Amino acid sequence: GVSAARGTGYNYYDGTSWGPAPAARIEPTNRVGFVNVVVTPSGREMVIAHSAVGMLLTSRPQKGTGAWTEDATVLGGVGSDTWSKAINGGANGETVHSIWNANSAGANGQNFSLYYSRSLDGGVTWPVLRTVLADLDSTKYRGFGGDAYSIDTKVDTVVFVVGDFDTDLVLMRSTDNGVSWTSTVIQPFFQAMYDDATDSFPDLDGDGTSD
């Protein structure tokens, strides 16, 4: 099996030298995976990762120094949530945007929903939590696979791309720090709401065999 000690291996470069090689994960209690390190201009440092207790936020007030504290509830505490991406942004850099996968029955009957969450205070509180953006909801998509997305920011512009082998490739863009969103289908899939369990690919190349 996978090691019970799995977690975030962390080291810090202070501008001159690295610290000692890490001998243990930073998380005091929980085994985690798919970690994302976020540092805000105030110096607050956090790691967002999935764990058995759900999306786990492990943080400390100042980057590079001090003890780490886990918070297993601030990101919803849903054990099936997995595969996060996280980044800071906003005019003051203290907004934290995160997306992750439901990895189970999601919103409004959707399987494997892609959730969007946002904190405006450096990850302390999350008034937008585990939301499904309208253009990615169950009226348009059955869901998305794990780690099938990536996010970036520039001040108040937030952009992420999501797409799987059996969905459209969609670009989601916000210019108001994640309040409102527009979507652009970069590459459409041939069939809306495709279900791999029941649907088949057509013979797109004309060789007599389903593709």
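Structural data are supplied above this passage.
Before going into details, it helps to say that this report is about the structure given with it.

**Some words on the pairing of strand S2 (residues 45–51)**
Here's step 1: When you tally the buried positions in S2, you get 7 out of 7 residues, the bulk of the element.
Here's step 2: Burial of S2 is two-sided: the residues Glu 45, Val 47, Ala 49 and Ser 51 facing one way and the residues Met 46, Ile 48 and His 50 facing the other way are all buried.
Here's step 3: The pairing of strand S1 (residues 32–39) with S2 spans 6 bridges and is classified as antiparallel. When the bridges of S2 are listed, Val 38 appears paired with Met 46.
Here's step 4: Between S1 and S2, which pair antiparallel and follow one another directly, the connecting turn spans 5 residues, one of which, Gly 43, has a positive phi of 100°.
Here's step 5: Inspection of the sheet shows S2 paired to strand S3 (residues 54–60) by 7 bridges, in the antiparallel sense. Note that in S3 the partner of Glu 45 across the bridge is Arg 60.
Here's step 6: Hairpin connection from S2 to S3: 2 residues lie between these consecutive antiparallel strands.

**Quick word on the sheet that holds strand S9 (residues 149–154)**
Strands belonging to one sheet form pairs held by backbone hydrogen bonds; the direction of such a pair is parallel or antiparallel.
Here's step 1: Taken together, the 4 strands give an open sheet; going across it, the order is S9-S10-S11-S12, and neighbouring strands pair in antiparallel fashion. Since the sheet does not close on itself, it has two edges, and those belong to S9 and strand S12 (182–187), each with one partner. Neighbour-to-neighbour, the strand axes of the sheet open up by a mean angle of 20°, direction not taken into account.
Here's step 2: As paired strands, S9 and strand S10 (residues 157–163) are joined by 6 bridges and run antiparallel to one another. Among the inter-strand pairings, Asp 152 is bridged to a residue of S10, identified as Val 159.

**Describing the environment of Ala 192**
Here's step 1: Within the secondary structure, Ala 192 is located in the segment after S12.
Here's step 2: A relative accessible area of 62% means that Ala 192 is categorised as exposed.
Here's step 3: Expressed as a C-alpha distance, the spacing of Ala 192 and Val 155, which sit 37 residues apart in the sequence, is 34 Å.

**A closer look at the nonpolar core**
Here's step 1: Counting 18 residues, the largest nonpolar core has Ile 99, Leu 114, Leu 136, Phe 160, Val 162, Met 172 and Trp 181 as its most contacted members.
Here's step 2: Going through the elements one at a time, strand S7 (114–119), S9, S10 and strand S11 (169–174) are the ones with two or more residues in this core.
Here's step 3: Sorting elements by how many residues they give to this core places S10 first, with 3 residues.
Here's step 4: If sequence neighbours within four positions are ignored, Val 162 has contacts with Leu 114, Leu 136, Phe 144, Ala 148, Tyr 149, Asp 168, Leu 169 and Val 170.
Here's step 5: In terms of nonpolar packing, the next biggest core, distinct from the first, is built from 13 residues, Val 38, Ile 48, Val 74 and Trp 126 among them.

**Let's talk about the packing of aromatic side chains**
Here's step 1: Applying the stated criterion to the full structure yields 9 aromatic pairs.
Here's step 2: With centroids separated by 5.3 Å and ring planes inclined at 75°, the aromatic side chains of Tyr 10 and Trp 68 adopt a geometry described as edge-to-face. With Tyr 10 in the segment before S1 and Trp 68 in the loop between S3 and strand S4 (69–71), this residue pair connects regions lying 58 residues apart in the sequence. The pair formed by Tyr 10 and Trp 68 is uniform in burial state, with each residue classed as buried.
Here's step 3: Consider the rings of Phe 189 and Phe 190, whose centres lie 4.6 Å apart with planes at 40°: the pair is tilted.
Here's step 4: Phe 189 gets classed as buried once you look at its relative accessible area, which sits at 15%.

Conventions and cut-offs
Residues numbered from 1 in each chain as written. Predicted model: local features only at pLDDT ≥ 70, side-chain atom pairs only at ≥ 80, totals over all residues. Heavy atoms only, no water. Buried < 20%, exposed > 50% of the residue type's maximum accessible area, 1.4 Å probe, protein only. Helix = DSSP H or I, 4+ residues; strand = E, 2+ residues; numbered from the N terminus. Pairing = 2+ DSSP bridges. Axes fitted to C-alpha atoms, helices over the stretch in contact; angles between N-to-C directions. Core = buried A, V, L, I, M, F, W, Y, C linked by side-chain atoms within 4.5 Å. Contact = heavy atoms within 4.5 Å. Phe/Tyr/Trp six-rings, centres within 6.5 Å; stacked < 30°, edge-to-face > 60°.

Nothing here speaks to function; it is geometry throughout.
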